[in-house]
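Breakdown of the fold
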Amino acid sequence: YFFIVAFLYVIIRDRAFFLNEFSQFRNSSRHGVHWNFLIVVLILLLSTINRLIHWDSVRSIGELFPYFLLLIPTYVIAIRFKKIDAIVLIGLVAFETLFVIAQWKLGVSTFDTSLKEFVVFGDSELAYFQRPLGLSLNSSHIASKMLLSWLLIDFFRLKSWGWYVVKSLILFGIYVTFNRSVIMALAFYLVFSNLQSFLSLRYTLENAVVGLISGAIGLIGVVAVVFFKGEAIINQFTRNQGKIELTGREYIWKDFLLFIQEHLVYGNNSIKLWMDGYHAHNSFIELIATNGVFISIVYLILIYRNVKVSNWVYVATIFIFGLTQYAFFWGISLMDIVLWVFLFQVMHQQKIIPSLPKLQVRE
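Predicted model only: the values in this text are computed from it and were never measured.

Of the regular secondary structure elements, the protein chain holds 14 helices and four strands. For the protein chain, the accessible surface area stands at approximately 20500 Å², while carbon and sulfur atoms represent 68% of it.

As enumerated under the stated definition, the model contains 25 aromatic pairs in all. Relative to Phe 342, the ring of Phe 155 lies with its centre 4.9 Å away and its plane at 55°, an arrangement referred to as tilted. Residue Phe 155 is found in helix α6 (residues 139-155), and its partner Phe 342 is found in helix α14 (residues 334-344); the two are separated by 187 residues along the sequence. Note on accessibility: Phe 155 and Phe 342 belong to one class, buried. Centroid distance Phe 284 to Phe 329: 6.1 Å. Interplanar angle 75°. Geometry classified as edge-to-face. Highlighted residues: Phe 284 in helix α11 (residues 283-291) and Phe 329 in the loop between α13 (312-322) and α14, separated in sequence by 45 residues. On the basis of relative accessible area, Phe 329 is assigned to the buried category, the value being 6%. Here the aromatic residues Phe 81, Phe 155, Phe 156, Tyr 189, Tyr 314 and Phe 342 are joined through ring pairs into a cluster of three or more.

The next subject is helix α8 (residues 180-199). In this model, α8 (20 residues) spans 28 Å end to end at C-alpha, consistent with the 28 Å of a helix rising 1.5 Å per residue. Of the residues making up α8, those classed as buried are Arg 180, Ser 181, Val 182, Ala 185, Leu 186, Phe 188, Tyr 189 and Ser 193. In this structure Asn 179 caps α8, since a side-chain oxygen of it lies 3.1 Å from the backbone nitrogen of Ser 181.

This next bit is on the pattern of salt bridges. Under the definition given, this model contains two salt bridges. In this structure, the salt-bridge partner of Lys 145 is Glu 96, at a minimum N-O distance of 2.9 Å. Taken together, the positions of Lys 145 in helix α6 and Glu 96 in helix α5 (residues 83-106) put the pair 49 residues apart, joining distant regions of the chain. Residue class for Lys 145 comes out partly exposed when judged on its relative accessible area of 21%.

With that out of the way, let us pick up unusual backbone geometry. Positive phi values are uncommon outside glycine, yet Asn 269 reaches one of about 65°. Along the polypeptide, Asn 269 turns up in the loop between α10 (249-262) and α11. Of note, the phi angle at His 281 is positive, near 55°, even though the residue is not glycine. Structurally, His 281 can be placed in the loop between α10 and α11. Here His 281 falls in the buried class, since its relative accessible area comes to 17%.

Summarising the element assignment, Gly 107 is placed in the loop between α5 and α6. A relative accessible area of 16% means that Gly 107 is categorised as buried. On a C-alpha basis, the gap between Gly 107 and Val 119 in space is 8.7 Å, while along the polypeptide they are 12 residues apart. Ignoring any residue separated from it by four or fewer positions in sequence, one finds Gly 107 in contact with Val 119, Val 120 and Phe 121.

Now for the environment of Leu 135. Turning to its location among the elements, Leu 135 is positioned in the loop between α5 and α6. The class of Leu 135 is exposed, set by a relative accessible area of 53%. Linking Leu 135 and Phe 111, residues 24 residues apart in sequence, is a C-alpha distance of 8.5 Å. Each residue touching Leu 135, except ones within four places of it in the same chain, is listed here: Glu 96 and Phe 99.

Interhelical geometry of α6 versus α8 gives an angle of 15° and a closest axis separation of 10 Å. Compared by their axis directions, α6 and α8 come out roughly parallel. The two elements α6 and α8 cross, and the hand of that crossing is left-handed. Of α8, the residues touching α6 (which contributes Ala 143, Ser 144, Leu 147, Trp 150, Leu 151 and Asp 154) are Val 182, Ala 185, Leu 186, Tyr 189 and Leu 190.

Our next topic: the side chain of Asn 36. Within the secondary structure, Asn 36 sits in helix α3 (residues 35-52). Side-chain polar atoms of Asn 36 contact the side chain of Arg 305, separated by 2.8 Å.

The subject of this paragraph is the confidence of the model for the protein chain. Should pLDDT be low for a region, the predicted coordinates there are not to be read in detail. Predicted confidence across the protein chain gives a mean pLDDT of 82, with 77% of residues reaching 70 or more. Within the model, pLDDT remains below 50 along residues 347-363, and this stretch shows 47 contacts once partners closer than five positions in the same chain are excluded.

Between α10 and α11, the least distance of the axes is 9 Å, while the angle of their chain directions is 35°. Where α10 crosses over α11, the two elements pack in a sense that is left-handed. From α10, Trp 253, Phe 256, Leu 257, Phe 259 and Ile 260 reach across to α11, where they touch Ile 285, Glu 286, Ile 288 and Ala 289. When its residues are assigned to classes, the contact of α10 with α11 shows eight nonpolar, no polar and one charged.

Here α10 is 14 residues long and its end C-alpha atoms lie 20 Å apart, about the 20 Å a rise of 1.5 Å per residue gives. Elements that come into contact with the buried residues of α10 comprise α11.

Rules used throughout
- Residues numbered from 1 in each chain as written.
- Predicted model: local features only at pLDDT ≥ 70, side-chain atom pairs only at ≥ 80, totals over all residues.
- Heavy atoms only, no water.
- Helix = DSSP H or I, 4+ residues; strand = E, 2+ residues; numbered from the N terminus.
- Areas by Shrake-Rupley, 256 points an atom, 1.4 Å probe, with all protein chains shown as cover.
- Phe/Tyr/Trp six-rings, centres within 6.5 Å; stacked < 30°, edge-to-face > 60°.
- Buried < 20%, exposed > 50% of the residue type's maximum accessible area, 1.4 Å probe, protein only.
- Expected span 1.5 Å × (residues − 1).
- Polar contact = N/O pair within 3.5 Å; in protein donor to acceptor, adjacent residues only side chain to side chain.
- Salt bridge = Lys/Arg side-chain N within 4 Å of Asp/Glu carboxyl O.
- Contact = heavy atoms within 4.5 Å.
- Axes fitted to C-alpha atoms, helices over the stretch in contact; angles between N-to-C directions.
- Parallel < 35°, antiparallel > 145°, perpendicular 65-115°, else oblique.
- Left-handed = near helix turned anticlockwise from the far one by under 90°.
- pLDDT = per-residue confidence, 0-100.
- Nonpolar A, V, L, I, M, F, W, Y, C, P; charged D, E, K, R; others polar.

The structure is reproduced here in structure tokens:
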């Protein structure tokens, strides 16, 4: 319901933009059609055909609604997503982060005792078993929202002191929710975004000295943490197993990959695939298993043609998160919308402008 309201809000708020686009298309002798829009239409067309030729595979009422139709509101919201929308979204996530910290401090997972996820934290030293939910249904949801908020702050270049306070709040929230996928993705982002910023500097003597000192301090800090707390950190991330622990994902991935091998062309007939109540816990595996390899390639073409120097680190960060989570390709979700914002909009002179190359279609 939230995304339906968001879609209607964007249509009403930016109705002049959409009416102008339609008017130009209708009245121009050389109709301008966005390549991105055409690819989205192609995905919808192929997915619809895939569903219709396997109509007898529909097993429940929930499968009757084609989830891929939700690409349309996702596309519309993404191309008209504005800086003020990001500010409101980040503010709401920061507000929820306060609940996360309060729950962590009081030793409970949530303040709603009616939820089955409600637990009182025990004496375990593992942060994995002491993760607050905020106002979400599970800790992964709020952790992913905090990750997106951090990325949006940087993408829209929100740099006043107040935003640094918000970042500090979000960073602490990510720490206490201890979602390993989010931590891994954020670590990747911090390393490569700062490296990209450093490499883009003009190599004056002052910049070189500042970069050298900052790098040395950072390296010393990392070495010190590893030396004094390395074993404890490894135990936290492996849950005292002494090895990488994937909470059963390796078995789920194996089942989904076997399904893909047996249904390479059509997948699950563009019906979102669940096995024994589980999704794939990997956005790319879920995409291929649901739609088959050819429709999935069209999705990847849409992504590839919109990756640029200005947005690759944001897109790659979300992709890394999606390697161990079914984070995007839902049709519509907060992660889908923000991913498409990063793909369809680029930074230009400290402003966000739509990046929508056009195909000229003759009459």
